[in-house]
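# Observations on the three-dimensional arrangement
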Amino acid sequence: MNPASTDRPEKDAAMKYCNILRATFLSRPNRFVAHVEINGRKEIVHVKNTGRCRELLIPGCEVWLTEPGTPDRKTRYDLVAVRKNTGVLFNIDSQAPNKVMREWLETQAYSLVTPEYTFGDSRIDFYMEKEQAGLDPRRYLMEVKGCTLEIDGMGFFPDAPTERGVKHIRELIRAKQHGYHAILAFVIQMEGVSEVHPYREMHPEFGTAMDEARHAGVKIQYCLCHVEPDELRITEVRE
């Protein structure tokens, strides 16, 4: 596994939250909400991750919340980070990987970065272009996946079956066949993990699709991150 051959950014790309509040996790009655305790007061909060996160969200663990301040919300806070019982801090905000990836892409030598690009019957996370002297620009398609599952120091994806994820990998393979530079990028939302493996026990088809993507020439990137309660920062990108 080698560092990615893209230009190094002048500074790390980061995504920050405007405010952060520590709480204690109590329970998660469904995938959308959790019960937490804030300074002795119980509160229902929105969980910004529909994955299972069972190895993270354990009663009594530390969690961190943001208060978006959006009018007419049913919940006041969003749960965005949790400290695992190993002491490692995880960002579990499912929107954070695309946000921090956009910041990182803007530090690279792309002449165009377009999010939510339609290719076939899918919306791929990013379309990029790089200029070439005397030639048409190089075209790139990138699908971004956030990794929040760690087992014995290794990252795994997905933590729940994802037919959508399989579909997007198939689209990347097709894009490669049509002349695009296709990239599957994993944003690792914890420290101490440098690569991500398909979690075949959870979703065998995703593992098969990832194998096929490698064989077809789709580039797999691992985005190593520094995590703070109020920040997710890409520090290194490897292949």
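You'll find the structure just up there.
Residues numbered from 1 in each chain as written. Predicted model: local features only at pLDDT ≥ 70, side-chain atom pairs only at ≥ 80, totals over all residues. Heavy atoms only, no water.

### Structural notes on the overall build of the protein chain
Here is the rule: Helix and strand labels come from DSSP, where a helix needs a run of H or I of at least four residues and a strand needs a run of E of at least two; each type is numbered from the N terminus. We call a residue buried when its accessible area falls under 20% of the maximum for its residue type, exposed when it is over 50%, and partly exposed in between, using a 1.4 Å probe and counting protein chains only. Should any heavy atoms of two residues lie within 4.5 Å, those residues are considered in contact. In short, Shrake-Rupley with a 1.4 Å probe defines the accessible areas, and a residue's cover is counted only from the protein chains shown. Only four residue types enter the tally: Lys and Arg on the positive side, Asp and Glu on the negative side; His and the chain ends are excluded. Working definition for charges: the position is that of NZ of Lys, CZ of Arg, CG of Asp or CD of Glu.
Along the protein chain, the regular secondary structure elements total 3 helices and 16 strands. Taking the principal axes of its C-alpha atoms as reference, the protein chain extends roughly 65 × 35 × 35 Å. Going through the 239 residues of the protein chain one by one, you find that 49% of them count as buried. Across the protein chain, every contact between residues at least 6 apart in sequence was considered, and the portion connecting residues at least 24 apart equals 63%. Carbon and sulfur atoms form 47% of the exposed surface of the protein chain, whose accessible area is close to 11,700 Å². The average position of the 33 basic charges and that of the 36 acidic charges among the side chains of the protein chain differ by 3 Å.

### Focus: the packing of aromatic side chains
Here is the rule: Ring pairs shown here join Phe, Tyr and Trp side chains whose ring centres sit within 6.5 Å, with only the six-membered ring taken for Trp; geometry is labelled stacked below 30 degrees between planes, edge-to-face above 60, and tilted in between. Charge-over-ring contacts are defined here by two conditions on Lys NZ or Arg CZ: a distance within 6 Å of the ring centre and an angle within 35 degrees of the ring normal.
The full count for this structure, using the stated rule, is 8 aromatic pairs. With centroids separated by 6.4 Å and ring planes inclined at 75 degrees, the aromatic side chains of Tyr127 and Tyr180 adopt a geometry described as edge-to-face. Separated by 53 residues along the polypeptide, Tyr127 in strand S9 (residues 122-132) and Tyr180 in the loop between helix H2 (163-177) and strand S13 (181-188) bring together distant segments of the chain. Side by side, Tyr127 and Tyr180 carry an identical accessibility label, which is buried. Judged by centre distance (5.7 Å) and plane angle (55 degrees), the ring pair of Phe156 and Tyr199 falls under tilted. Remark: Tyr199 occurs in the loop between strand S14 (196-198) and helix H3 (204-216) and Phe156 occurs in strand S12 (residues 154-157); sequence separation between them is 43 residues. By way of ring pairs, the aromatic residues Tyr117, Phe119, Tyr127 and Tyr180 are connected into one cluster. Cation over ring: Lys130 sits above Tyr110, and NZ or CZ is 4.7 Å from the ring centre. Taking NZ or CZ as reference, Arg139 lies 4.0 Å from the ring centre of Tyr180, over its face.

### Notes on the pattern of salt bridges
The criterion, for reference: By definition here, a salt bridge exists when the distance from a side-chain nitrogen of Lys or Arg to a carboxyl oxygen of Asp or Glu is within 4 Å.
Counted by the stated rule, this structure contains 20 salt bridges. Residue Glu171 is joined to Arg174 by a salt bridge in which the shortest nitrogen-to-oxygen separation is 3.0 Å. Here the residue Glu171 and the residue Arg174 both occupy positions in helix H2, the gap between them amounting to 3 residues, near one helical turn. Classification of Glu171 as buried rests on a relative accessible area of 6%. Three or more residues joined by partner-sharing salt bridges are found here, namely Lys16, Asp230, Glu231 and Arg233.

### Focus on the pairing of strand S6 (residues 78-83)
Short version of the rule: Strand pairing is assigned whenever DSSP identifies at least 2 bridges connecting the two strands.
Across the 6 residues of S6, 5 count as buried, placing the element largely inside the fold. Here strand S4 (residues 41-47) pairs with S6 via 2 bridges, running parallel. The residue bridging Val47 from the neighbouring strand is Leu79, located in S6. Here strand S5 (residues 62-66) runs beside S6; their pairing, made up of 4 bridges, is antiparallel. Paired with Leu65 across the bridge in S6 is Leu79. Pairing of S6 with strand S7 (residues 89-91), which is carried by 3 bridges, proceeds in the antiparallel orientation. What sits directly across from Arg83, in S7, is Leu89. Between S6 and the antiparallel strand that follows it, S7, lie 5 residues; Gly87 among them carries a positive phi value of about 100 degrees.

### Considerations on helix H1 (residues 96-105)
Quick reminder of the rule: Taken from the helix axis, the directions to the C-beta atoms give the arc we talk about.
Every buried residue belonging to H1 is among Ala96, Pro97, Val100, Met101, Trp104 and Leu105, and all of these are buried. When H1 is viewed along its axis, its buried side chains cluster within an angular range of 160 degrees and face the same direction.

### Overview of the sheet that holds S14
Strand-to-strand pairing in sheets goes through backbone hydrogen bonds, with the strands running parallel or antiparallel. We apply this condition: All axes here are fitted lines through C-alpha atoms, helices being fitted over the stretch that makes contact, and every angle between N-to-C directions spans 0 to 180 degrees.
Spatially, 3 strands are ordered S11-S12-S14 in an open sheet, and the strand pairing comes out mixed. Edge positions in the sheet fall to strand S11 (149-151) and S14, since each has one partner strand and no second. Geometrically, the sheet is characterised by an average inter-axis angle of 45 degrees between neighbouring strands, direction not taken into account.

### Notes on the sheet that holds strand S15 (residues 219-228)
Spatially, 7 strands are ordered S1-S16-S15-S13-S10-S9-S8 in an open sheet, and the strand pairing comes out mixed. Only two strands of the sheet have a single partner each, and these edge strands are strand S1 (13-16) and strand S8 (112-119). Each strand axis lies, on average, 30 degrees off the axis of its neighbour in the sheet, ignoring direction. Sheet topology note: the strand S10 (residues 135-147)/S13 ladder contains 8 bridges and is parallel. Across the sheet, residue Tyr140 finds its bridge partner in S13, namely His181.

Everything listed here is a matter of geometry and, on its own, says nothing about what the molecule does.
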